[in-house]
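Read off the chains here:
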Amino acid sequence: MAPGAVLVPDWLDADGQRDLVAACREWARNPAGMRTVRTPGGGTMTAKQVCLGWHWRPYAYSKTTDDGAPVKPFPPELGDLARGALAAAYGEAPPAVYDMALVNFYDADAHMGMHQDREERSDAPVVSVSLGDTCVFRFGNTETRSRPYTDLELRSGDLFVFGGPSRLAFHGVPRILPGTAPAGLGLTGRLNLTLRASGLG
Ligand code: MD3
Ligand code: FE
């Protein structure tokens with residue numbers, strides 16, 4: 001891929017995928033479900049979302065949710081998952097503190113427009129794990145949200161790590177390929193888990 005962007009296909013086996021789906025369901029359920037994110041321009045995002053560790057509000061992080069409730073904790077096992085992901089992608093784990101996760105759920109019609117992730121104060125790589133339906137992922141450049149970009153498919157169990165010059169690349173999810181989740185996973189739609197170092201202490 002581009003410098004700093006490493007795709008590890010089939011990083012999680014079937015059992016690992018099933019465990020992570022179950023965990024995502026727990027994190028989404030307690031105490032509140034997944035939320036619909038409203039953007040400052042008055043739009044709504046089609047992917048539903050849960051934040052762990054830090055609350056992401058377009059376009060800032062906070063320690064309370066929109067209704068003033070404390071943000072759900074960052075599960076320590078996700079720190080281990082992040083370290084394992086960095087080792088798999090780069091062969092070593094840079095010493096950043098991973099303290100926030102975003103879980104995005106896409107139904108068949110959901111998508112995510114081209115954007116940069118630049119609310120974090122840390123330049124540590126973003127770790128992304130895909131579960132369920134395959135998506136078309138659009139990986140762009142650091143200058144504009146338009147071409148040049150590369151479209152590729154992310155499948156259940158795939159790991160993608162975005163560090164170095166790729167950290168500020170524009171990216172998005174133009175579409176989901178419904179019905180492509182592995183049989184036996186028990187997931188209709190797509191879950192994406194991103195792990196980040198907020199750098200906010
Ligand atoms: C490249 N999520 O949560 S994951 C996001 O599939 C987000 O839910 C998409 O974009 C999803 O912000 C894409 C791949 C990804 C995540 C973060 C990145 C690619 C990235 C940050 C920087 C560069
Ligand atoms: Fe993003």
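Residues numbered from 1 in each chain as written. Chains lettered and ligands numbered in written order. Predicted model: local features only at pLDDT ≥ 70, side-chain atom pairs only at ≥ 80, totals over all residues. Heavy atoms only, no water.

S.K.: Pulling in residues and values, what's your account of the coordination of the iron ion (ligand 2)?
M.R.: Note on the iron ion (ligand 2): its protein donors are His-115 (NE2), Asp-117 (OD), Asp-117 (OD) and His-171 (NE2). The metal-donor distances range over 2.0 to 2.7 Å. For the iron ion (ligand 2), the six donor atoms in the first shell make angles of 50 to 173° at the metal, a pattern classed as irregular. Summarised as a motif, the one-chain spacing of the donors to the iron ion (ligand 2) is H-x1-D-x53-H. Taken together, the positions of Asp-117 in the loop between strand S7 (112-115) and strand S8 (126-132) and His-171 in strand S12 (residues 171-177) put the pair 54 residues apart, joining distant regions of the chain. Across the pair, His-171 and Asp-117 agree in class, each one buried. (Donors = N, O, S within 2.8 Å, 3.2 Å for Na, K, Ca; no water. Tetrahedral: all angles 85-135°; square planar, octahedral: opposite > 155°, others 65-115°. Helix = DSSP H or I, 4+ residues; strand = E, 2+ residues; numbered from the N terminus. Buried < 20%, exposed > 50% of the residue type's maximum accessible area, 1.4 Å probe, protein only.)

S.K.: Describe in detail the packing of aromatic side chains, supporting the description with residues and values.
M.R.: Throughout the structure, instances matching the rule amount to seven aromatic pairs. Ring geometry for Phe-137 against Phe-162: centres 5.7 Å apart, planes inclined by 55°, an arrangement best described as tilted. Here Phe-162 lies in strand S11 (residues 159-162) and Phe-137 lies in strand S9 (residues 134-139), a separation of 25 residues in the sequence. Note that Arg-190 overlies the ring of Tyr-106, its terminal NZ or CZ placed 5.1 Å from the centroid. (Phe/Tyr/Trp six-rings, centres within 6.5 Å; stacked < 30°, edge-to-face > 60°. Lys NZ or Arg CZ within 6 Å of the ring centre and 35° of its normal.)

S.K.: Which residues make up the sheet that holds S12, and what values do they have?
M.R.: The strand order S7-S12-S9-S10 describes an open sheet built from four strands, whose pairing is antiparallel. Taken across any chain shown, the strands that pair with only one partner, and hence form the sheet edges, are S7 and strand S10 (150-154). Direction aside, neighbouring strands of the sheet carry axes that sit 25° apart on average. For S7 and S12, the ladder comprises two bridges, and the chain directions are antiparallel. Bridge pairing in S12 places Met-112 opposite Val-173. (Pairing = 2+ DSSP bridges. Axes fitted to C-alpha atoms, helices over the stretch in contact; angles between N-to-C directions.)

S.K.: I'd love a proper account of the site of ligand 1, names of residues and values included.
M.R.: As a matter of local geometry, ligand 1 sits amid 18 residues, with Tyr-106, Asp-117, His-171, Arg-190 and Arg-196 nearest to it. Contacts to ligand 1 include Asn-104, whose side-chain N or O atom sits 3.1 Å from an oxygen atom. His-171 has a polar side-chain atom sitting 2.9 Å from an oxygen atom of ligand 1. Considering ligand 1 on its own, with 490 Å² of exposed area, one finds that the protein chains cover 98% of that surface. (Near = heavy atom within 4 Å. Polar contact = N/O pair within 3.5 Å; in protein donor to acceptor, adjacent residues only side chain to side chain. Areas by Shrake-Rupley, 256 points an atom, 1.4 Å probe, with all protein chains shown as cover.)

S.K.: Mind laying out the sheet that holds S8, listing which residues take part and the relevant values?
M.R.: Read from one edge to the other, the open sheet built from seven strands follows the order S1-S11-S8-S13-S6-S3-S2, with strand pairing classed as antiparallel. The open sheet has two free edges, formed respectively by strand S1 (5-8) and strand S2 (35-38), since each of these has just one partner strand. Strand-to-strand twist across the sheet, computed as the mean angle between neighbouring axes with direction ignored, equals 25°. Sheet analysis places S8 next to S11, joined by four bridges and oriented antiparallel. In the sheet register, Ser-128 faces S11, and the bridge partner there is Phe-160. Where helix H1 (residues 14-29) meets the sheet, its contacts fall on strand S3 (44-52), strand S6 (100-106), S8 and strand S13 (190-196), and the angle it forms with S8 comes to roughly 100°. Strands S1, S3, S6, S8, S11 and S13 of the sheet are contacted by helix H2 (residues 76-90), whose axis makes an angle of about 85° with S11. (Contact = heavy atoms within 4.5 Å.)

S.K.: Report on the UniProt feature "binding site: Fe cation" (unreviewed entry) in the protein chain, specifying residues and quantitative values.
M.R.: Per the UniProt record, the feature "binding site: Fe cation" (unreviewed entry) sits at His-115, Asp-117 and His-171. The largest pairwise C-alpha distance within this set of annotated residues, which runs over 57 residues, is 8.8 Å, so the set is compact in three dimensions. Checked against the lining of the largest pocket, the annotated residues reduce to His-115, Asp-117 and His-171. Structurally, the position occupied by His-115 is in strand S7. (UniProt positions renumbered as here; feature names shortened; annotations may be inferred. 1 Å grid on protein atoms, 1.4 Å probe; cavity = no way out; pocket = protein on both sides within 12 Å on 5 of 7 lines; lining within 4 Å.)

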